[in-house]
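One letter stands for each residue in the lines below.
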Amino acid sequence: MPDLSDLPRKASLRAALLNRRRALPATSLDEGSAHVVAALSSLVRNERPNCVAGYVPLGPEPGGPGLPDALADMLGSEARVLLPVLLPDSDLDWAIYHGPYALTPGPHGLREPSGRRLGPDAIATAELVVVPALAVDKRGVRLGRGGGSYDRALTRVSPETLVVALLYDGELVESLPEEPHDRRVGAVITPSGGLVHLPV
Ligand SMILES: Nc1nc2c(c(=O)[nH]1)N(C=O)[C@@H](CNc1ccc(C(=O)N[C@@H](CCC(=O)O)C(=O)O)cc1)CN2
Ligand SMILES: Nc1ncnc2c1ncn2[C@@H]1O[C@H](COP(=O)(O)OP(=O)(O)OP(=O)(O)O)[C@@H](O)[C@H]1O
């Protein structure tokens, strides 16, 4: 694999990382996601958040299609899982997860919650924020889909709240390009490394 930190632009990094994920065999995706979900489960059981912001994995994203249900199972019955709804300007709205039958098709092949929208500030009520990423570097700099959605959403999250990105092995990289609007994450979970806290 090339040293991803040597690739100059975010767009070419995204393409390389997406191609690498698409080339992973189904068994690696399944096993990787199972390890990631197990480490996330330990984190949730330790932290006992009342509200977790999650996501519905798209294609080969870590966590697999069962991630929202897995999150709901990790939490007590009083706790809630928030899921993102992509807005036309690429900002994120949020709605409570009420099971797989309450997900509807969204843009880019996304599946989004069909329930009442709580507004973009609802992410501030999450006590743990689980985010998708294509890669994260050792400082916590995150590379996402390129809409700037999580850069905006994470500005509404308290600095005290843990933001954790789910990755496959090889996606916690040495260095990524960072722009002023980029919001760093506090931790990543990888299949082999489990939960890794990053310096804020
Ligand atoms: N699961 C998930 N949900 C998410 C995000 C994400 O990265 N993953 N987002 C993060 O901001 C927002 C959605 N933003 C997105 C922006 C672009 C594409 C995209 O380019 N999709 C490809 C098709 C899928 C693929 O092949 O990977 C496309 O349209 O070509 C997807 C999501 C909110 N919800
Ligand atoms: N607070 C903001 N308000 C408006 N636009 C923003 C904001 N933050 C970032 N953007 C815009 O979003 C675009 C993409 O940003 P970037 O490449 O960092 O996305 P990303 O973090 O990879 O994507 P995502 O968060 O959607 O997964 C940039 O053109 C940037 O100007």
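Residues numbered from 1 in each chain as written. Chains lettered and ligands numbered in written order. Predicted model: local features only at pLDDT ≥ 70, side-chain atom pairs only at ≥ 80, totals over all residues. Heavy atoms only, no water.

Detailed reading of the predicted coordinates is not advisable wherever pLDDT is low. Averaged over every residue, the pLDDT of the protein is 94; the share at 70 or more is 96%. Under a pLDDT of 50 for its full length, residues 1-7 has, in the predicted model, 10 contacts with residues more than four places off or in other chains. Interface scoring of the predicted complex returns ipTM 0.93; its pTM is 0.94. (pLDDT = per-residue confidence, 0-100. Contact = heavy atoms within 4.5 Å.)

Turning to the sheet that holds strand β2 (residues 80-86), a few remarks are in order. Backbone hydrogen bonds are what pair the strands of a sheet, in a parallel or an antiparallel way. Taken in spatial order, the 7 strands of this open sheet run β3-β2-β1-β6-β9-β11-β12, and their pairing is mixed. Sheet topology places β3 (92-96) and β12 (194-197) at the edges, where each strand pairs with a single neighbour. Each adjacent strand pair in this sheet contributes to an overall mean axis angle of 25 degrees, direction not counted. (Pairing = 2+ DSSP bridges. Helix = DSSP H or I, 4+ residues; strand = E, 2+ residues; numbered from the N terminus. Axes fitted to C-alpha atoms, helices over the stretch in contact; angles between N-to-C directions.)

Spatially, the 3 strands line up as an open sheet ordered β8-β7-β10, and their pairing is mixed. Only two strands of the sheet have a single neighbouring strand rather than two, namely β8 (142-143) and β10 (172-173). In terms of strand pairing, strand β7 (residues 135-137) meets β8 through 2 bridges, oriented antiparallel. The residue bridging A135 from the neighbouring strand is L143, located in β8.

Further remarks concern the pairing of β3. Among the 5 residues of β3, 4 are classified as buried, and the element is accordingly described as predominantly covered. Summarising the sheet, β2 and β3 pair through 5 bridges and their orientation is antiparallel. Opposite L83, over in β3, you have A95 as the bridge partner. Hairpin geometry of β2 and β3 is characterised by an intervening segment of 5 residues between the two adjacent antiparallel strands and by a positive phi of about 75 degrees at S90. (Buried < 20%, exposed > 50% of the residue type's maximum accessible area, 1.4 Å probe, protein only.)

Lining the immediate environment of ligand 2, one finds 14 residues, of which R14, R142, G144, R145 and Y150 sit closest. G144 has a polar backbone atom sitting 2.8 Å from an oxygen atom of ligand 2. Residue D182 places a side-chain N or O atom 2.9 Å away from an oxygen atom belonging to ligand 2. Burial of ligand 2 by the surrounding chains reaches 69%, relative to a free accessible area of 660 Å². Examining the composition of the shell around ligand 2, we find that 4 residues originate from one element, helix α4 (residues 149-154), more than from any other. (Near = heavy atom within 4 Å. Polar contact = N/O pair within 3.5 Å; in protein donor to acceptor, adjacent residues only side chain to side chain. Areas by Shrake-Rupley, 256 points an atom, 1.4 Å probe, with all protein chains shown as cover.)

Of all residues adjacent to ligand 1, which total 15 residues, the nearest are R22, V56, E61, H108 and R145. Here R22 contributes a side-chain N or O atom positioned 3.0 Å from an oxygen atom of ligand 1. For ligand 1, an oxygen atom lies 2.7 Å from a polar atom in the side chain of R145. Of the pockets mapped on this structure, ligand 1 occupies the largest pocket. Listed by contribution, the elements that provide at least two residues to the shell around ligand 1 are β2 and α4. Residues that form the shell around ligand 1 fall into these classes: 10 nonpolar, 2 polar and 3 charged. (1 Å grid on protein atoms, 1.4 Å probe; cavity = no way out; pocket = protein on both sides within 12 Å on 5 of 7 lines; lining within 4 Å. Sits in = over half its atoms within 2 Å of the grid points. Nonpolar A, V, L, I, M, F, W, Y, C, P; charged D, E, K, R; others polar.)

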